[in-house]
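Working through the structure, step by step
Residue strings, one per chain:
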Amino acid sequence: MADLPILDRVRRRLAAEAAEPTPHSVAEALRAEQQVAGSGTVLALVDQLRSETRGAGLLDPLLALPGVTDVLVNGAAAVHVDRGAGLERTSVRFADEDAVRRLAQRLAAQAGRRLDDASPWVDARLRDGTRLHAVLAPLARPGTLISLRVPARRTFSLGELHAAGSLTRDALDCLRAVVLSRAAFVVSGGTGSGKTTLLAGLLAEVDGRERIVVVEDATELRPDHPHVVGLEARPANVEGAGLVTVRDLVRQALRMRPDRLVVGEVRGAEVVDLLAALNTGHEGGCGTVHANAPVDVPARFEALGVAAGLPRDAVHSQLAAGIDLVLHLGRTSAGRRVLDQVAVMRRGSDGVVTCVPAVTFVDGRAVQGPGHDRLRQVLS
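These remarks concern the structure in this document. (Residues numbered from 1 in each chain as written. Predicted model: local features only at pLDDT ≥ 70, side-chain atom pairs only at ≥ 80, totals over all residues. Heavy atoms only, no water.)

**Some details on the sheet that holds strand β9 (residues 228-232)**
Rules: Two strands are said to pair when DSSP picks up at least two bridges between them. The way it works is that DSSP assigns letters per residue, a run of H or I at least four long becomes a helix, a run of E at least two long becomes a strand, and they are numbered from the N terminus. To obtain an axis, a line is fitted to C-alpha atoms, over the contacting stretch when the element is a helix, and the angle between two such axes runs from 0 to 180 degrees between their N-to-C directions. The criterion used for residue contact is that any of the two residues' heavy atoms lie within 4.5 Å.
Read across the sheet, nine strands follow the order β9-β8-β10-β11-β7-β12-β13-β14-β15 without closing on themselves; strand pairing throughout is mixed. What marks the edges here is a single partner per strand, and that holds for β9 and β15 (365-368). Put simply, the sheet's adjacent strands are angled 25° from each other on average, direction ignored. Pairing between strand β8 (residues 212-216) and strand β10 (residues 260-263): four bridges, direction parallel. In the sheet register, valine 213 faces β10, and the bridge partner there is leucine 261. Here helix α7 (residues 169-181) sits on the sheet and contacts β7 (185-189), β10, β12 (325-331), β13 (337-347), β14 (353-362) and β15; the angle it forms with β13, its principal contact strand, is near 45°.

Spelled out as structure tokens, the structure:
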């Protein structure tokens, strides 16, 4: 790596002159700093300075890795990637905290967002679809934190997920039956468990004559289907105007003749309109929701619905009538993403909905649970 004090002085001189980092401008800056450098050093400086002003800088090679889903920066000294088998620490290092901060601010600017001490965090989508989240130090420790969620470069079919070991043969047959039955379902799991990947594979199984309307906070779903249209939420601008929420878009989607209404991630007030839609004749609706286990899904819906102003009893009533199945994803001890369980909704005498295991996939085997008979009814 080039001598950092020299690199910093060259960077400052180019910035003061508003000059692009080219071999000529860098060589001139070095001469102005009374530094003698060969052509190899000059070209190395040009490459490093260009990486700081274009794309994601030092992170670009990581974002281009096959299978990468996340790139995480924890300050200047720790950069991790996730390629589907858990987090891996990389050899990438930033020069200092200022370098991380500059990258975070530049990425935010590319997305048309503000990131500074007065507005120290940002959640935005870059032009290529990469999801950016960043929090500046000193709010963040051990330094500025950058999280990049890489959009899927391709859609995996259910058959390919089976071949990769994410689905057993029984799981594959069950999921195809779920799509064919037009049952309403949610895919649950933790962060990075593969919910979007599985949902895209399921939507690819939908009859090509059906119209799929996808509503997302940030576009991630790209199912291989001939009739998919999408709506994407929009944050408010710097002046606080122009906000378009997922809930706004769910209402619009209902007027677009959807055969399948899809909410990429249910995490806010849109839960009210989604449940209403699924209780008024919109079959086959689906989406994803964060949950550590299927048993937690009703509580998650309850929390979102109550926060949006829906009474608790109404949430459970509509949940029982609107959602048929929960498809839960987990990870093996080796970090592989797998379909862990298919569960059904059951409403108790107290009106509260619980999630009951129908099939649990253990070591390649399908183990039937107390909700299996209900699953057979749903799929018949």
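**Quick notes on the pattern of salt bridges**
Going by this rule: Salt bridges are defined by distance alone: a side-chain nitrogen of Lys or Arg within 4 Å of a carboxyl oxygen of Asp or Glu. Relative accessibility thresholds used throughout: buried, under 20% of the residue-type maximum; exposed, over 50%; partly exposed, between the two (1.4 Å probe, protein chains only).
Under the criterion given, the structure shown has 20 salt bridges. For arginine 337, the salt bridge is made with aspartate 82, and the minimal N-O distance between the two is 4.0 Å. With arginine 337 in strand β13 and aspartate 82 in strand β2 (residues 79-82), this residue pair connects regions lying 255 residues apart in the sequence. Across the pair, aspartate 82 and arginine 337 agree in class, each one buried. The closest approach of N and O atoms between glutamate 302 and arginine 312, which form a salt bridge, is 3.0 Å.

**Digging into the environment of threonine 288**
The line we're drawing: The definition of a polar contact used here is a pair of N or O atoms within 3.5 Å, where within protein one atom must be able to donate a hydrogen and the other to accept one, and adjacent residues in sequence count solely through side-chain atom pairs.
Relative to the elements of secondary structure, threonine 288 occurs in strand β11 (residues 286-290). Taking relative accessible area as the criterion, threonine 288 reaches 2% and is therefore assigned buried. On a C-alpha basis, the gap between threonine 288 and valine 262 in space is 8.9 Å, while along the polypeptide they are 26 residues apart. Within the structure, threonine 288 has its side chain in polar contact with the backbone oxygen of glycine 264 (distance 2.4 Å).

**What to know about unusual backbone geometry**
A cis amide bond links alanine 137 with the next residue in sequence, proline 138, at an omega value of 10°. Mapped onto the elements, proline 138 comes out in the loop between β5 (131-135) and β6 (145-149). For the bond from arginine 141 to proline 142, the omega torsion is 5°, close enough to zero to count as cis. Structurally, proline 142 is set in the loop between β5 and β6.

**Looking at the pairing of β6**
Because side chains alternate across β6, one face comprises the buried residues Ile146 and Leu148, and the other comprises Leu145, Ser147 and Arg149, none of which is buried. Strand direction decides the pairing type here: β5 and β6, joined by five bridges, are antiparallel. Following the sheet pairing, arginine 131 is matched in β6 by arginine 149.

**Considerations on helix α9 (residues 246-253)**
The condition that has to hold: An arc is given here, and it is the one of the directions from the helix axis to the C-beta atoms.
Taken together, the buried positions of α9 are occupied by Val246, Leu249, Val250 and Ala253. Along the axis of α9, the buried positions cluster into a sector of 105°, meaning they face one direction only. The inward-facing, buried residues of α9 contact β8, β9, β10 and α10 (270-278).

**A short note on the side chain of histidine 372**
Along the chain, histidine 372 falls in helix α13 (residues 372-379). Leaving out residues up to four positions away in the same chain, histidine 372 has contacts with Pro357, Ala358 and Val359.

**Observations concerning α7**
Applicable threshold: Multiplying one less than the number of residues by 1.5 Å gives the expected span of a helix.
An ideal rise of 1.5 Å per residue puts 18 Å on 13 residues; α7 measures up with 18 Å between its terminal C-alpha atoms. For α7, every residue scored as buried is listed here: Ala171, Leu172, Cys174, Leu175, Val178 and Val179. In an axial view of α7, the angular spread of the buried residues amounts to 165°, which keeps them on one side of the axis. Of the residues trailing α7, arginine 182 is marked for its positive phi of about 60°.

**Notes on the environment of alanine 321**
Topologically, alanine 321 is positioned in helix α12 (residues 312-322). What makes alanine 321 exposed here is its relative accessible area of 51%. Residues alanine 321 and leucine 275, spaced 46 residues apart in sequence, show a C-alpha to C-alpha distance of 8.8 Å.

**Overview of the sheet that holds strand β1 (residues 70-74)**
Spatial strand order, β3-β2-β1-β6-β5-β4: six strands in an open sheet with antiparallel pairing. Among the strands making up the open sheet, the edge pair consists of β3 (87-89) and β4 (121-125). With direction set aside, neighbouring strand axes in the sheet form an average angle of 15°. On the sheet, helix α5 (residues 97-110) packs against β1, β4, β5 and β6 and is oriented at approximately 45° with respect to β6.

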